[in-house]
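What the coordinates show
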Amino acid sequence: MHKGRCILLIVSGGIAAYKTLDLIRRLREKGITIRCILTEAGARFVSPLSLAALSGAPVYQDLFSLQDETEMGHIRLAREVNIVAVVPATADILAKMAHGLADDLASTTLLATNKPVLVAPAMNMHMWSHPATQSNIAVLERRGVQCVGPTCGALACGEEGEGRMAEVSDLLATLDTLLSTSTHTHQIEMAMTGRRALVTSGPTYEAIDPVRYISNRSSGRQGHAIAASLARHGARVTLVSGPTLLSDPVGVHTIHVESAGEMLAACEDVLPVDVAVCAAAVADWRAASVSQQKVKKRGDVKTLLLVKNPDILALLSQPGPRRPVLVVGFAAETESLLDNACRKRTAKGCDWIVANDVANNQVFSSAYNTVHLITENSVTCLRTMTKVEIAESLTERIAAAIRKKRVVGSPENLTQPP
Ligand code: CTP
């Protein structure tokens, strides 16, 4: 079922290391390719020769081995496999992973990988229950590392408690799930790799005078998460961001702007792109004239004359050779959510609109959101999720749409990466 997939097995030092031999055999029976890294301590429990014989490939042991680096550099090893599994995982390697230490081949590879990581802890029960180990595991799980086991039972040290490495059958089941997920991710990456994406995010500031401005409550979290997610799946992303407190997403070219006018100019400079996602809460109006000096408060009533800002989403959606293949907008509504959002999609000419109810202020600063995706023919209500999960779900749908456009026979519509 997983023929052609590859798992990098990191074998660290523990009596349970012998179980990896059975694990390798069972994985290879499924057509999975195995690469092994054996730590110095691991080599005291299992021989490189046994691992090499069962995996049918050389075993990597030394960070500074010229031969290993020529055959396959450790960075390539970390990034070209589908999954990295640390079996068994000692307290030491878990601590290194949690703290980002990189002083041997195993820890360096773990720091360099961008693939799902599984750990199968095995150690004495006191070492496992120690707050240091528990806090390291909590850190790793928060980062998405999959931890299998340990289980309770007789330990090699003669004591009985929680610390035994999980059974091979449990490891196989989790690896199976991880591989299925990674196949799905791989399909998204195939569709997105090299595609150019433009994302707008955050609020805009429209100056009234040198100290005052008009703006809104947008935090930029949703737009930034979308940019990061598209980039993680291989797209070449430019994020045009209004002022936010967020750091620039990793792997994303970020252009910082203040006003709607600057945001529009930056977006036009980025065209052509395959996908545009307008998540910014662009201020609809700006002051008709910006005072060069601070406006004084003397006098009773002040009237501020406003003019409309350009609608970036509507402009990007206009038909023409530079129109992105897919244009996605957002609709922030406080009433009649779906009706207003559907109308907005048609009025602005975008392909999809993501509707979200902003009636209570919480959405703007929250990590969570509840959205509805409106396309020409459908309305899909997504469950309440974190903004990062919504971004992932959108990326998945964008990838599927782009793949479909290709199949329909319009590859010429897709921007060729320069
Ligand atoms: N948008 C834009 N440029 C503007 C205003 C909005 O690109 N000047 C985009 C937003 O990024 C979003 C969509 O248009 O993708 C809808 O924004 P929203 O604030 O919900 O609606 P408005 O167009 O501002 O309309 P209204 O305020 O009347 O609801």
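Worth saying up front: this structure is predicted, and the values here are computed from it rather than measured. (Residues numbered from 1 in each chain as written. Predicted model: local features only at pLDDT ≥ 70, side-chain atom pairs only at ≥ 80, totals over all residues. Heavy atoms only, no water.)

**Some thoughts on the sheet that holds strand β14 (residues 275-278)**
- In spatial order, the strands read β13-β12-β9-β14-β17-β18-β20-β21; together these eight strands make up an open sheet with mixed pairing. Two strands close off the open sheet at either side, each with one partner strand: β13 (253-256) and β21 (379-381). Strand after strand, the sheet turns through a mean of 15° between neighbouring axes, direction not considered.
- In the packing of helix α10 (residues 221-232) onto the sheet, contacts are made with β9 (196-201), β12 (236-241), β14 and β17 (326-333), and the angle to β9 comes to roughly 165°.
- Along the sheet, helix α13 (residues 337-348) makes contact with β17, β18 (352-357), β20 (371-374) and β21, crossing β18 at roughly 150°. (Pairing = 2+ DSSP bridges. Helix = DSSP H or I, 4+ residues; strand = E, 2+ residues; numbered from the N terminus. Axes fitted to C-alpha atoms, helices over the stretch in contact; angles between N-to-C directions. Contact = heavy atoms within 4.5 Å.)

**A look at the domain arrangement of the protein**
- Considered domain by domain, the protein is made up of domain 1 (6-189) and domain 2 (195-292 + 299-411).
- Taken residue by residue, the interface counts five residues in domain 1 and six residues in domain 2.
- Run the count over domain 1 and domain 2 and you get zero salt bridges.
- Residue composition of the side of domain 1 that touches domain 2, grouped by class: one nonpolar, three polar and one charged. (Domains from an automatic or database assignment. Salt bridge = Lys/Arg side-chain N within 4 Å of Asp/Glu carboxyl O. Nonpolar A, V, L, I, M, F, W, Y, C, P; charged D, E, K, R; others polar.)

**Digging into the layout of surface pockets**
- Empty space within the largest pocket amounts to approximately 1400 Å³.
- N114, K115, P116, R143 and R232 are, among the 35 residues lining the largest pocket, the residues nearest its centre.
- Mapped onto the lining of the largest pocket, the elements with two or more residues apiece are α4 (74-80), α5 (91-99), α6 (105-112), α8 (131-142), α9 (168-192) and α15 (387-408).
- Ranked by the residues each element gives to the lining of the largest pocket, the list is headed by α9, at eight residues.
- Residues lining the lining of the largest pocket come from more than one domain, with at least three contributed by each of domain 1 (6-189) and domain 2 (195-292 + 299-411).
- Put simply, the second largest pocket is a space of about 1100 Å³.
- For the second largest pocket, the lining is made up of 38 residues, of which A280, A281, V282, D284 and A332 are closest to its centre.
- The set of elements that each furnish at least two residues to the lining of the second largest pocket consists of β9, α10, α12 (312-317), β17, α13 and α14 (362-365).
- By residue class, the composition of the lining of the second largest pocket is 17 nonpolar, 13 polar and eight charged. (1 Å grid on protein atoms, 1.4 Å probe; cavity = no way out; pocket = protein on both sides within 12 Å on 5 of 7 lines; lining within 4 Å. Points joined across faces, edges and corners; volume = space filled by probe spheres on them.)

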